[in-house]
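Read off the chains here:
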Amino acid sequence: MGQGVSGWQGEEAGLGCPGTRSKLPPQLPLPGPAPRDPPSRAPPGRGAGRGDPWAEAGTMQTLAGPFAGGSSLDASDLQVDGDEVEGLREGEEPGDPLYPFLVVYDLKPLKSQGPVFAKGVPVTARVEGTERYTTGSKIRPSTLYSLRLTHGDFTWTMKKKFKHFQELHRDLMRHKIFMSFLPLSRFAFHGSRAEATSLEMPALPHGGDGTSRRPSSKQKYLESYLNSLLEMSFYRNYHAMAEFLDVSQLSFIPDLGPKGLEGMILKRSGGHRIQGLNCCGRHQICYRWSKRWLVVKDSFLLYLKPESGVVSFVLLFDPGFSVMVGKKSTDSKTLILKCSSYRQARWWGQEITELAQQQGDDFLHLHRHQAFAPVREGTPTRWFVNGAGYFAAVGDALMQAKEEIYITDWWLSPEMHLKRPAQTDDWRLDILLKHKAEEGVRVCVLLFKEVELALGINSGYSKRALMLLHPNIKVMRHPDHVSSVVFLWAHHEKLVVVDQSVAFLGGLDLAYGRWDDHHYRLTDLPPGTKVRAPHSAPSSPGEPPAPGPQASLPPIASPHLSLDPAPHAGLWLPPSGVLLGDEPPVNLAANQQLWLGKDYSNLITKDWVQLDRPFEDFIDRSRMPRMPWRDVGVAVHGRAARDVARHFIQRWNFTKTVKNKYRGPEYPCLVPKSLGATHRLPGPLAGAQLANVQVLRSVDRWSAGTHECSIYNAYLSLIQTSQHYIYIENQFFISCADGRAVLNTVGDAIVSRILRAHREQTRFRVFVLLPLLPGFEGDIAEGGGNSIQAILHFTYRTLCRGDSSILCRLKAAIGDEWKNYISICGLRTHGELSGTLITELVYIHSKMLIADDRRVLIGSANINDRSLLGKRDSELAVLVEDAELVPSLMDGEPYQAGKFALSLRLDCFRSLLGESGASSLNIQDPVSDHFFHGVWKATALSNANIYDQVFRCLPTNAVPSLRALRGYAGVQNLAGVSPELARQHLAQVRGHVVQFPLRFLAEESLLPPLNSKEGMIPVEVWT
């Protein structure tokens, strides 16, 4: 771009992401190098130079510098102590890395960074060739030396001119003389000069390209000269030598992969700011050029400030990454770097491009389903159904963390316990993170910043609670709604990454209410609680427990705590008289309760309040059952975990870039570990199975700086290519595109796949599991409120109401035969509370699809536009394809099923159908007529009828209108009139699956009234 600054002529190399998939916000800068020092900053004794700074002086002059006796630059009488030869101390092993990975969080200024090479590992240099060229201001040709250096497993190349050797020689001599005048320094000379002749400064040959020395002889001499210096740690560890060799603290960290490319460059200011903001000084004449140390690794580049060592910016390679060389202006998504010459710019551009293409090719183009990450074969993978196993595994992984912990959640509760019953605080999330931070582990947490008037998850409290624990814990919240103009969308993904080697993701936030197991308990009373008498039909203490899912559960109370109900509804007074919530529970040693304080919840009855008082109950345990929570998670290891970590790093660095409060060094830039270093990972997960795994996501420019909807593409592909069945569990099911309110076509794909099976006369089954009610606070006996009704409207519109719904389209095409292809169900359970029979729906929060016992998609994405389109909520998922096959059955025929998918599907069916080892249910073949009609659908229908008869529960097909609802709710149920008879009926319940009530409020319009606050919200919020 024309002229440089301070009258210094130069050219620029621009590296950028001009494509539509750039991860950088507008005006984000990129690389190319600069001369070692501009002429205006040349030290005393160095010529100012003109023209091309890479051009050599014709013949090296013998200059009198600030050295004793006026000696020349190649004086041979400088000596250092013999103990400055490289050596190992006792206990040190040759080859041990000098810098662990955690050094990236604590980089030193380049001039005081200390040794950068591994102990006991030699550094060797070889001059591999020369290039002769001329410049416009020179008559004689100049020589450029190509050097290859080796340090253990690391190799790298450089191009240097003779002038650079001269400058290095002067710097080392100046350093030697300066250190000799420090009497207290360990470098000071001892004894006579004759006694200290073990090491001498090697002589640098006089003369440049104009001497009579043959080029090959000069190459050998320079090679010998440099190797002699590298054998002496006194010279090798000096910062001038490190800059000459293009090395830094980041060069030889094994987890960062190959040495890569490094060097001092000039970066143009303002290149990575958002276009339209910070506009002052945007004109070209207002740009300033800053000296930065550029580091290019196998899948990213960064630059840091040499005077402080602070990493200013990290750019991850992506499909939009490119390198441009020249003076032409680049677009707004580029990093502009100035080089000393066009030749140097071309060399940097070529080296960066080759490094990216050879080492980081995985991220330079899109992969299957238009995803940023490829399929990672042979990945150890483990599934989790419900939070008990998932949280315990997360806790174990966190305890093993050595370097980094990454966490991002839609909602995070710092005081939740990962293992239960909690008998110590060791497994409480905040305390565990504090302990790891004290050990030196860096903890980075990304939280969704909610609109507080609309959502009460109190992320501000979560941030404060974690940040106060230890300086090594950093928490960011995003987005800022006003400045980013993002009011409607959320960061919805949930993940935990440990040391970039193991990653947990799925539907489970580290938050209250999520912990559960296959028992789906409804109660968790403290032992010895004096319960209030039930309003009707009291039960005698000698009555047996209710049969069914909760009859055989072990007791959840322990005699050590005798708690009476406090005067406050739902609050308990411990023996000391201190309210739970003001202080954490004391004497947990014998605790057997599973849900303490705010963890005991029923989100439809009452949403969470006062989250800054975590140990206080907010609903009355003696009267209100909790709502069980069903969810699915997954853990991946190795390269797939690296991909998950890369997604987190991209979001973290993007947030740091766009939010001013996070731009300081207090919030570090994160860097991804190399894919090539995965062989160094610890052992795989316990219980993991090998599978082929691809990381998928939904992101947009507001959430991560780029757009991707690979989860949506994968859903459509799995449905379209499935051969035998698909099994879906999801919190929402809003689909069937109409081009207006709903845009995703997942429901349309299901219809098309069923109709194809009908045409081909092949068996094909679709299992859909949804929560019986949406997870919003509301009294369903009064209609549920506008939020519940709005979600019900779009759910029923997808399933069965309106011409675009799945069932209406199937009925129109194949009549009643649709019943042979699709089943829609929910989950419910029952138990006893204070002597009264109770029931509650099991809230399905899973986001999972299983296809053909071979492929599984697990993540955070719901089936709706918010999660799938990419432009709205941010989401994360993995597609798991089995690599290990086991014998099974499919449609009555022998079938090779995937070990991962089959084991997950069988676990789901056993729990939902109540199958035990003693039962006669055959769940191996999911598509046979016997199973689909005689087991699955029959069990769902029978359970639904029993629950309706015993509890008159809602929602139900018996209530098509609000008028019918009022009459239905006013009749006493069988559980209240005749508990004994009710128990006999409940003994027939098998598992938890119930038929979904497709005719509930079918005669009503469930859209919110336009004059309500829900009615004024854009429709996109609900879909």
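Only a predicted model underlies this, so the values are computations on that prediction, with no experimental measurement involved.

## A closer look at the overall build of the chain
Each helix and strand counted, the chain has 21 helices and 35 strands in total. The burial tally for the chain puts 59% of its 1023 residues in the buried class. As presented, the chain carries roughly 39,300 Å² of accessible surface, and 52% of it is formed by carbon and sulfur atoms.

## Considerations on the packing of helix α6 (residues 387–399) against helix α7 (residues 429–438)
Two numbers describe how α6 lies on α7: the axes approach to 10 Å, and their chain directions differ by 20°. As far as their axial angle goes, α7 and α6 are roughly parallel. Note that α6 runs across α7; the crossing there is left-handed. Along its contact with α6, which presents Gly395, Leu398 and Met399, the element α7 presents Leu429, Leu432, Leu433 and Lys436. Among the residues making up the contact of α6 with α7, the classes are represented as five nonpolar, one polar and one charged.

## Section: the packing of aromatic side chains
Scanning the entire structure with this criterion turns up 34 aromatic pairs. Taking 5.7 Å as the distance between ring centres and 70° as the angle between the ring planes, the aromatic pair formed by Tyr390 and Phe391 counts as edge-to-face. Neither Tyr390 nor Phe391 differs from the other in exposure class; each is buried. With 6.2 Å between their ring centres and 85° between their planes, Tyr725 and Phe767 make a pair best called edge-to-face. In this pair, Tyr725 sits in strand β25 (residues 725–730) while Phe767 sits in strand β26 (residues 765–769), placing the two residues 42 residues apart along the sequence. Both residues of the pair, Tyr725 and Phe767, belong to the buried class. These aromatic residues form a ring-pair network of at least three members: Tyr725, Tyr727, Phe767, Phe909, Phe931, Phe932 and Trp936. One cation-aromatic arrangement involves Lys160 over Phe244; the distance from NZ or CZ to the ring centre is 5.0 Å. Lying over the aromatic face of Tyr968, Arg952 brings its terminal NZ or CZ to 4.1 Å of the ring centre.

## Some details on empty space enclosed by the protein
Enumeration according to the criterion identifies eight cavities of 30 Å³ or more in this entry. Roughly 100 Å³ of volume is contained in the second largest cavity. Lining the second largest cavity are 13 residues; nearest its centre among them are Glu415, Met416, His417, Leu596 and Asp599. For the lining of the second largest cavity, the residue count by class is eight nonpolar, two polar and three charged.

## Quick look at helix α10 (residues 639–658)
Helix length check: α10, at 20 residues, gives a terminal C-alpha distance of 29 Å against a target of 28 Å (1.5 Å per residue), a fit within 8%. With 18 of its 20 residues buried, α10 lies for the most part within the structure.

## Some words on the nonpolar core
Nonpolar side chains tend toward joint burial in soluble globular proteins. In terms of nonpolar packing, the biggest core is built from 123 residues, with Leu398 and Phe504 touching the most fellow members. Membership of the second largest hydrophobic core comes to 119 residues, among which are Leu256, Phe300, Val497 and Phe900.

## A few points about α6
The end-to-end C-alpha distance of α6, which contains 13 residues, comes to 18 Å, matching closely the 18 Å that a straight helix rising 1.5 Å per residue would cover. The elements touched by buried residues of α6 are β13 (376–385), β14 (404–409), α7, β17 (495–498), β18 (502–506) and β22 (632–637).

## Some points on the sheet that holds strand β4 (residues 142–151)
One open sheet accounts for three strands, arranged β3-β4-β5; its pairing is antiparallel. Looking at the sheet topology across the chains shown, the edges are occupied by β3 (123–133) and β5 (154–161). Averaged over all neighbouring strand pairs, the angle between strand axes comes to 20°, with direction disregarded. Two elements, β3 and β4, share 10 bridges in a ladder whose sense is antiparallel. Across the sheet, the residue bridging to Thr124 is Thr150, located in β4.

## A few points about the environment of Glu439
Tracing the backbone through its elements, the reader meets Glu439 in the loop between α7 and β15 (442–448). Residue Glu439 is classed as exposed on the basis of its relative accessible area of 56%. For the pair Glu439 and Asn472, spaced 33 residues apart in the sequence, the C-alpha separation amounts to 9.5 Å. A polar side-chain atom of Glu439 sits 2.8 Å from a polar atom in the side chain of Lys436.

## Notes on the environment of Trp348
Within the element layout of this structure, Trp348 appears in helix α5 (residues 342–359). On a C-alpha basis, the gap between Trp348 and Glu262 in space is 9.7 Å, while along the polypeptide they are 86 residues apart.

## Overview of unusual backbone geometry
Pro421 follows Arg420 through a cis peptide bond whose omega is 0°. For Pro421, the location among the structural elements is in the loop between β14 and α7. A positive phi angle, close to 50°, is found at Gln610, a residue other than glycine. Looking at the secondary structure, you find Gln610 in the loop between β20 (572–573) and β21 (629–630). Taking the relative accessible area as the measure of exposure, Gln610 reaches 44% and is therefore partly exposed.

## A closer look at the packing of helix α16 (residues 899–913) against helix α17 (residues 929–951)
Following both chains from N to C, one finds α16 and α17 inclined at 50°, their axes separated by 10 Å at the closest point. One way to sum up the angle between α16 and α17 is to call them oblique. Here α16 runs over α17; the crossing is left-handed. Taking contact as the criterion, the partners of Phe909, Leu912 and Leu913 in α16 are, on α17, Phe931, Val935, Trp936 and Thr939. Looking at the contact of α16 with α17 residue by residue, the classes come out as six nonpolar, one polar and no charged.

## Considerations on the pairing of β14
Among the six residues in β14, six count as buried, and that is most of the element. Alternating positions in β14 separate into two faces, Glu404, Tyr406 and Thr408 on one and Ile405, Ile407 and Asp409 on the other, with burial throughout. As paired elements, β14 and β15 share six bridges and run parallel to each other. Within the sheet, the bridge partner assigned to Ile405 lies in β15 and is Val443. Viewed along the sheet, the connection from β14 through α7 into β15 turns out right-handed. Bridge count between β14 and β17: four bridges; the pairing is antiparallel.

## Focus on the pattern of salt bridges
Summed over the entire model, instances satisfying the criterion amount to 40 salt bridges. Between Lys659 and Asp480 there is a salt bridge whose closest N-O contact spans 3.0 Å. Highlighted residues: Lys659 in the loop between α10 and β23 (689–699) and Asp480 in the loop between β16 (473–478) and α9 (481–484), separated in sequence by 179 residues. Among the residues examined, Lys659 registers a relative accessible area of 4% and is labelled buried. Judged by relative accessible area, Asp480 falls into the partly exposed class, the value being 23%.

## Things to note about the confidence of the model for the chain
Caution applies to low-pLDDT parts of the model: their predicted coordinates are not meant to be read in detail. Averaged over every residue, the pLDDT of the chain is 81; the share at 70 or more is 77%. Confidence over residues 186–198 falls short of pLDDT 50; this stretch has 22 contacts with residues more than four positions distant or in other chains. Confidence over residues 272–283 falls short of pLDDT 50; this stretch has 24 contacts with residues more than four positions distant or in other chains.

## Details of the side chain of Arg376
Relative to the elements of secondary structure, Arg376 occurs in strand β13. Its relative accessible area of 5% is what places Arg376 among the buried residues. Polar side-chain contacts of Arg376 include one of 2.7 Å to the side chain of Asp362. Once residues within four sequence positions are removed from consideration, Arg376 is found in contact with Asp362, Phe363, Arg639, Ala640, Asp643, Leu675, Ala691, Asn692 and Val693.

## Some words on the environment of Asp631
Summarising the element assignment, Asp631 is placed in the loop between β21 and β22. Asp631 gets classed as buried once you look at its relative accessible area, which sits at 0%. The contacts of Asp631, once residues within four sequence positions are left out, are Phe384, Val385, Asn386, Gly507, Leu508, His845 and Ser846. In terms of polar contacts, Asp631 uses its side chain to reach the side chain of His845, at 2.7 Å.

Rules and cut-offs
Residues numbered from 1 in each chain as written. Predicted model: local features only at pLDDT ≥ 70, side-chain atom pairs only at ≥ 80, totals over all residues. Heavy atoms only, no water. Helix = DSSP H or I, 4+ residues; strand = E, 2+ residues; numbered from the N terminus. Buried < 20%, exposed > 50% of the residue type's maximum accessible area, 1.4 Å probe, protein only. Areas by Shrake-Rupley, 256 points an atom, 1.4 Å probe, with all protein chains shown as cover. Axes fitted to C-alpha atoms, helices over the stretch in contact; angles between N-to-C directions. Parallel < 35°, antiparallel > 145°, perpendicular 65-115°, else oblique. Left-handed = near helix turned anticlockwise from the far one by under 90°. Contact = heavy atoms within 4.5 Å. Nonpolar A, V, L, I, M, F, W, Y, C, P; charged D, E, K, R; others polar. Phe/Tyr/Trp six-rings, centres within 6.5 Å; stacked < 30°, edge-to-face > 60°. Lys NZ or Arg CZ within 6 Å of the ring centre and 35° of its normal. 1 Å grid on protein atoms, 1.4 Å probe; cavity = no way out; pocket = protein on both sides within 12 Å on 5 of 7 lines; lining within 4 Å. Points joined across faces, edges and corners; volume = space filled by probe spheres on them. Expected span 1.5 Å × (residues − 1). Core = buried A, V, L, I, M, F, W, Y, C linked by side-chain atoms within 4.5 Å. Pairing = 2+ DSSP bridges. Polar contact = N/O pair within 3.5 Å; in protein donor to acceptor, adjacent residues only side chain to side chain. Right-handed = clockwise from strand over helix to strand, strands pointing away. Salt bridge = Lys/Arg side-chain N within 4 Å of Asp/Glu carboxyl O. pLDDT = per-residue confidence, 0-100.

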